[in-house]
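# Architecture and fold: a report
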Amino acid sequence: MAGVTRTPTNLTQGSKTPAGIGASTLRPDGTLKVTGEFAYSSDMWHEDMLWGFTLRSTVAHAEIRSIDTSEALAQAGVYAVLTYDDLPTAVKNYGLEIQDTPVLANGRVRHHGEPVALVAADHPETARRAAAKIKIDYAELPVVTDEASATAEDAPLLHPGRKDHHAGHVPHPNIVHRQPIIRGNADEAAKRADVIVTGEYDFGMQDQAFLGPESGLAVPAEDGGVDLYVATQWLHSDLRQIAPVLGLPPEKVRMTLSGVGGAFGGREDLSMQIHGCLLALRTGKPVKIVYNRFESFFGHVHRHSAKLWYEHGATKDGKLTHLKCRIVLDGGAYASASPAVVGNASSLAVGPYVVDDVDIEAIALYTNNPPCGAMRGFGAVQACFAYEAQMDKLAKALDMDPVELRQRNAMEQGTLLPTGQVVDSPAPVAELLRRVKAMPLPPENQWETTEGADVRALPGGLSNTTHGEGVVRGIGYAVGIKNVGFSEGFDDYSTARVRMEVINGEPVATVHTAMAEVGQGGVTVHAQIARTELGVQQVTIQPADTQVGSAGSTSASRQTYVTGGAVKNSCEAVREQVLQKGRLKFGTYHPAWATAELLLEGGKVVTDGGEVLADIVDVLGEESVEVELEWRHRPTEAFDLETGQGNGHVQYSFAAHRAVVEVDTELGLVKVIELACAQDVGKALNPLSVVGQIQGGTTQGLGVAVMEEIVVDPKTAKVRNPSFTDYLIPTILDTPTIPVDVLELADEHAPYGLRGIGEAPTLSSTPAVLSAIRAATGLALTKTPVRPEHLTGT
Amino acid sequence: MDFLRPASWEEALAAKAEHPTAVPIAGGTDVMVEINFDHRRPEYLMDLNRIGDLREWETGADTVRLGASVPYTQIMENLRAELPGLALASHTVASPQIRNRGGVGGNLGTASPAGDAHPALLASGGEVEVESAARGVRMIPIDEFYLGVKRNAMEQDELIRAVHLPKATGPQQFSKVGTRNAMVIAVCAFGIALHPETKTVRTGIGSAAPTPVRAKEAEAFLAAALEEGGHWESGAPVAPSVAKQFAQLASGACNPIDDVRGSAKYRRHAVGIMARRTLGWVWESYRGDGRTAQGGAQCA
Amino acid sequence: MRVKFTVNGREQTADDVWEGESLLYVLRERMGLPGSKNACEQGECGSCTVRLDGVPVCSCLVAAGQVEGREVVTVEGLADFARQRAEHGGCGAGVCGGKGTTLDEAKGWAAKPTGTGDSQAGEQGTSPHTALSPIQQAFIDAGAVQCGFCTPGLLVAADELLERNNQPSDADIREALSGNLCRCTGYEKILDAVRLAAARGESETAGTGA
């Protein structure tokens, strides 16, 4: 696009080593990222561009009596001010599954920070000053903030007259979706229990806190369309939601993925996409929007806070008899991914354990709290925190080692899930626990030095709160299960375009997908797959855009599986065409062309016996081979709405953690000393990246355990800590060593036997830390994050 | 908004006299966040970075004159012997990047109860040197400096030039509770300094009252107990009952609020724990190190 | 207002700067240097870290007008900065580069050794990259980059650490980088990268007898 600086570029990576799958090849975008040249969405720049600014509601629930934009419009340097009335078509809402989210507030705001008006101006400060002159008359309405207030008889309805496909089966219009899972007879089975433990748990609202703020550049095009450079997790899902609001056919909304500064689920929903396009189309000028950190807390959905009630029963020898549970997820004002979160929470509510008799119910609420949706491990994360706390509680009641109890009930290949689905790939739950327990423990009292206490190794760190006083060590374990890929009958597919040609006398593969590289290393893996399948050294990864078919979302631990699978599949098709060309050209020179299994290796066509038949360069000559194919994993089914039965999932991911913590029991401060993880990854396509994913996911779980929470005032539903000053995420001094033990038990149904890996470590990390703190303090600790107040009874 | 760039202290005073609403900016820690997040739009910003002597300190026979903009990093690295409490507090300020630019003048100017330097300044004792073009220099005792939430004893036309702090004659400690191991705003903080030459103890509490405060009752109680027991001379250990009472009185000096960073109850509790521990450290140090001014923890 | 200062060795001027703009904004939006990142704009994340007259600072907390006449080094200039330091400052700073040691040898790190001939470049046809600084290379080799948004700030901070202390302990590294948030990696591979750069600096020094 002319005039745009720093557009996303091709990533070309050569290698003199095999560097196919299984190798720890380095990121093809690494050099650009370490030199500061990588084009993130907030780095986009265009001469003559305007700055967009979003005016957001200052209250959580109100009727908008009037909006007066005249003063703002009159300000010098302002090019446009838009409100609901300026939306160009009849489509004024968007949403991932339910189109319930207004592009701009329509006479009512339902949560704190909801977009109400847009300004485009020649400088961000001009836009902010103009926005400050927009007069909005709010008539405040009462807020609903929890299950009791949301489902009360006279509760104000968040979305009166709902017509979505869940509306018919929910018990109250302020419930987005409800999913029971009933199997066996939990009440009967409870009679066999020697021990029953119950618990009520609270999981706090977590923020993805990706570092790259929501941002993008929309450039109006001569054909009346728009080019949008943006950071997202799924270009085609965005496109499906954007185009109708703009009144443009999808082909006139050309999207290119710009550098994405982390995502973790927070970019599944739209943020500035439609707003930027609206302003660009209105003004006829390129418009850049960049949220600051304050706005970012309002600009994306968060991880659902949850209340969970659990009852577990077991026989004396520690076999689970039954499980009853109820999970209430707070979806906030708009649906976002809530239905899928309910599906995960309910179907995985028992964890990686065998329980035949279950009575499970999960619901998501509509409230006036901030909207919640996708975040790493959604639904499964909240459940894991609760069922692992229960397993510890049960172990204590049975006077049994907590790891032993878990191992006695661990699921394995062949286990029937509460949904009636058979686990048809390895499920090494007991083995992961064994491995993580077998790792050597970190030495005690590491703060002791010959010159006194090194406070950096103590709870409180540099704040110098203890020199060892009150410090007690605790060790805790947890294990979890996460589904991989989109479940419940979703047509989960990806598309890959792969080309092979000769450039400068060398065979080169080009891979083009719409996969959102958000940091996970998909681009690295795609190049590795192309090398393995096509025997090339040079691979070019083209920027992701909507000029190629959908790749699905970079979510649900699915991209290496699904888009990796698509790249593999397209490479195989390219290989077949190359071999066909070879047969036509050279088949008569060697009988093996017709009879042997042929491969592409080291730039040559070789037989499976290793005999070289031809150079790929000679086979291709001036020609190129290109295919674009869709690829999908095995289909899944929806869960029955009454019983929850159904083959809803395609694959599972398992991780176990051991946490070692030291707690200053007097001040209630926690230092996590070590957080060891064992995870089955099926096949590590890139071991370096795999370990990086596990360590990163583990750290996000640690954050929830001890510091991270979006605090919402229950009286006003306003967010109290929308900044990095008060929403704390772990620093390098809060993060312990994270030894990782990677197990590779192939899933025969998946490409290369791989397993999605990104989310599982985020599940078990949090309960392992909680378990360790409980071990150190003897306290019950039923909330995340654990605050000093909880540990000191203050 | 106008940007003023005085090249000297005199120019800065003149500019402040002419534009009393001008907001001085040095390390930028508070001011720039307010501007970036649209919380504040001052008419004038006045850059103090050009005034070199604000970044200098002089060590005299009994006192240190610390320029308002001496970065915390410099205090940590160069003034550990003279100002051990402030050096410890400096080390808990935000991050290395912030400590490289921020100085005590910013903490004093903002006068937030959460400023990390305050408890150490109160425990040390000293004076704040402020100046205006109209009335010249005024020395404000630190005990009289903090007037209310983010309100200090300065007049609109005054600027902070330096703080004058006594060189430590006894051990000093500083402790701060945050819910993260680095880069965290204090939930509450506590500073303590032994002053053997006057046989007194001074303290400072941060983030647990509308202003930074001293725990005067606790100080008086402890000084009396030490005096009575002849501890200053003998160096005998402080009885646990005395430490406990001192801690309780320190807690009692708090007047905290519940906020998103912590509960009032926790703040009171934590101040008590910190008071007891830091007393233990300074007294151990006083007894052990030939009664010198060494602080406690290594690397702290 | 007009602001004039030196960035990565070149004098730069920005006109019509609003007085409330930060150094970060001027670098990113006026000077074509968006390498310094805008993650929090409140001094909490370190992703905008630059050297201001040699000192690492958060450029979001520096008012543009405060930089008048001063010297700034950003991630875009880090490789040149490190090279000049190595040439003029000798090897004492431990940032002399070279790829003599793998972390495998240095710290028992189990990932892939470097020097296997992988090449990386941006878009074909653009000019080849000048050599990376040792810390930049180490971040790539150790797998310390995921989304990369924290990387520029971490590189500037880590480079300055190694300039001061060429054999940092793990605790030293953690303390020096405690002002830089990373949300992707869990920091383990960032520690690996700094250890690797330090080890390579060491082996280079040992190898040349310096």
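Residues numbered from 1 in each chain as written. Chains lettered and ligands numbered in written order. Predicted model: local features only at pLDDT ≥ 70, side-chain atom pairs only at ≥ 80, totals over all residues.

What follows concerns the overall build of chain C. Within chain C, the regular secondary structure consists of 7 helices and 6 strands. Listed N to C, the secondary structure of chain C is β-β-α-β-β-β-α-α-β-α-α-α-α in terms of helices and strands. Counting only residues that meet the buried cut, chain C has 64% of its 210 residues in that class. In chain C, of all internal contacts separated by at least 6 residues, the share reaching a separation of at least 24 is 67%. (Helix = DSSP H or I, 4+ residues; strand = E, 2+ residues; numbered from the N terminus. Buried ≥ 20, exposed ≤ 12 C-beta atoms within 10 Å, placed from the backbone. Contact = placed C-beta atoms within 7 Å.)

In terms of helices and strands, chain A carries 19 helices and 35 strands. Counting only C-alpha atoms, chain A reaches 80 × 75 × 65 Å along its principal axes. A buried classification covers 64% of the 794 residues belonging to chain A. Residue pairs at least 24 apart in sequence account for 80% of intrachain contacts in chain A once pairs closer than 6 positions are excluded.

Another point: the domain arrangement of chain A. All names here are of chain A. For chain A, the assigned domains read domain 1 (45–141 + 218–260 + 267–296), domain 2 (424–485 + 648–792) and domain 3 (493–632). Its C-alpha centre places domain 1 at a distance of 38 Å from the equivalent point of domain 2. Counting residues at the interface gives 7 residues for domain 1, matched by 7 residues for domain 2. The class makeup of the residues in the side of domain 1 that touches domain 2 is 2 nonpolar, 4 polar and 1 charged. (Domains from an automatic or database assignment. Nonpolar A, V, L, I, M, F, W, Y, C, P; charged D, E, K, R; others polar.)

Here we take up the domain arrangement of chain C. Residue and element names in this part refer to chain C. If you check the domain split of chain C, you get domain 1 (3–73) and domain 2 (76–207). Each side of the interface is counted separately: domain 1 has 16 residues, and domain 2 has 15 residues. Looking at the side of domain 1 that touches domain 2 element by element, the count peaks at 3 residues for strand E3 (residues 49–52). Of the residues assigned to the side of domain 1 that touches domain 2, the class counts are 7 nonpolar, 7 polar and 2 charged.

Once that is clear, we can look at the environment of Gly77 of chain A. Residue and element names in this part refer to chain A. With respect to the helices and strands, Gly77 occurs in the loop between helix H2 (70–74) and strand E6 (78–82). A tally of 15 C-beta atoms within 10 Å means that Gly77 is categorised as partly exposed. Along the chain, Gly77 and Val660 lie 583 residues apart, while their C-alpha atoms are 57 Å from each other.

Ala117, Val119, Ala349, Ala530, Val661 and Val769 of chain A together with Ala250 of chain B are the most contacted members of the largest nonpolar core, which has 419 residues in total. Beyond its immediate stretch of four places on either side in the chain, Ala349 of chain A contacts Ile181, Cys325, Ile327, Ile360, Ala362, Ala383 and Tyr387 of chain A. (Core = buried A, V, L, I, M, F, W, Y, C linked by C-beta atoms within 7 Å.)

The side chains of a regular strand alternate, residue by residue, between the two faces of the sheet. Residue and element names in this part refer to chain B. For strand E11 (residues 172–177), a buried count of 6 out of 6 residues is recorded, marking the element as mostly surrounded by other parts of the structure. Alternating positions in E11 separate into two faces, Gln172, Phe174 and Lys176 on one and Gln173, Ser175 and Val177 on the other, with burial throughout. Where E11 and strand E12 (residues 188–195) come together, 6 bridges link them in antiparallel fashion. Its bridge partner being in E12, Gln172 is matched across the sheet by Ala193. (Pairing = 2+ DSSP bridges.)

Residue and element names in this part refer to chain A. Counting buried residues in strand E14 (residues 215–220) gives 5 out of 6 residues, a clear majority hidden from the surface. Two elements, E14 and strand E17 (residues 287–290), share 4 bridges in a ladder whose sense is antiparallel. Across the sheet, Leu217 pairs through a bridge with Lys288, a residue of E17. Pairing analysis gives 5 bridges linking E14 to strand E15 (residues 226–230), with the strands arranged antiparallel. Bridging from a neighbouring strand, Leu217 pairs with Tyr229 of E15. Between E14 and the antiparallel strand that follows it, E15, lie 5 residues; Gly224 among them carries a positive phi value of about 85°.

Turning to the interface of chain C and chain A, a few remarks are in order. Residue-level contacts link 57 residues of chain C with 64 residues of chain A. Mapped by element, the contributors of at least two residues to the side of chain C that touches chain A are strand E6 (119–121), helix H4 (134–141), helix H5 (151–164), helix H6 (170–176) and helix H7 (188–207) of chain C. The dominant element in the side of chain C that touches chain A, judged by the number of residues it contributes, is H4 of chain C, at 4 residues. Residue composition of the side of chain C that touches chain A, grouped by class: 22 nonpolar, 22 polar and 13 charged.

Turning our eyes to something else, we now look at the sheet that holds strand E1 (residues 2–4) of chain B. The strands making up a sheet associate through hydrogen bonds between their backbones, and the pairing can be parallel or antiparallel. Residue and element names in this part refer to chain B. Across the sheet, 3 strands lie side by side as E1-E3-E2; this open sheet has parallel pairing. This sheet does not close on itself; its edge strands, each paired only once, are E1 and strand E2 (23–25). On average, adjacent strands in this sheet sit at an angle of 30° to one another, irrespective of strand direction. In this sheet, strand E3 (residues 44–47) lies alongside E2 in parallel orientation, the contact comprising 3 bridges. Within E3, the position partnered with Pro24 by the bridge is Met46. (Axes fitted to C-alpha atoms, helices over the stretch in contact; angles between N-to-C directions.)

What follows covers the environment of Val50 of chain C. All names here are of chain C. Mapped onto the elements of the fold, Val50 is located in strand E3. In sequence terms Val50 and Gly153 are 103 residues apart; their C-alpha atoms lie 7.0 Å from each other. Not counting chain neighbours up to four residues away, the residues in contact with Val50 comprise Ser36, Val57, Ser59, Val72, Val73, Thr74 and Val156.

Residues and elements named next belong to chain A. At their nearest, the axes of helix H13 (residues 522–534) and helix H14 (residues 559–586) sit 9 Å apart, and the two run at 30° to each other. Judged by the inter-axis angle, H13 sits roughly parallel to H14. Both H13 and H14 take part in a crossing whose hand is right-handed. Listed contacts from H14 to Gly522, Val525, His526, Ile529, Ala530, Glu533 and Leu534 of H13 are Gln559, Thr560, Thr563, Gly564, Val567, Lys568, Cys571, Glu572, Val574 and Arg575. Looking at the contact of H13 with H14 residue by residue, the class counts come to 7 nonpolar, 6 polar and 4 charged. (Parallel < 35°, antiparallel > 145°, perpendicular 65-115°, else oblique. Left-handed = near helix turned anticlockwise from the far one by under 90°.)

With that out of the way, let us pick up the packing of helix H6 (residues 235–246) of chain A against helix H7 (residues 273–283) of chain A. Residue and element names in this part refer to chain A. Across the interface, H6 lies against H7 with an axial gap of 10 Å and an inter-helix angle of 35°. The interaxial crossing formed by H6 with H7 has right-handed handedness. The segment H6 lies against H7, with Asp238, Ile242, Val245 and Leu246 engaging Gln273, Ile274, Cys277 and Leu281.

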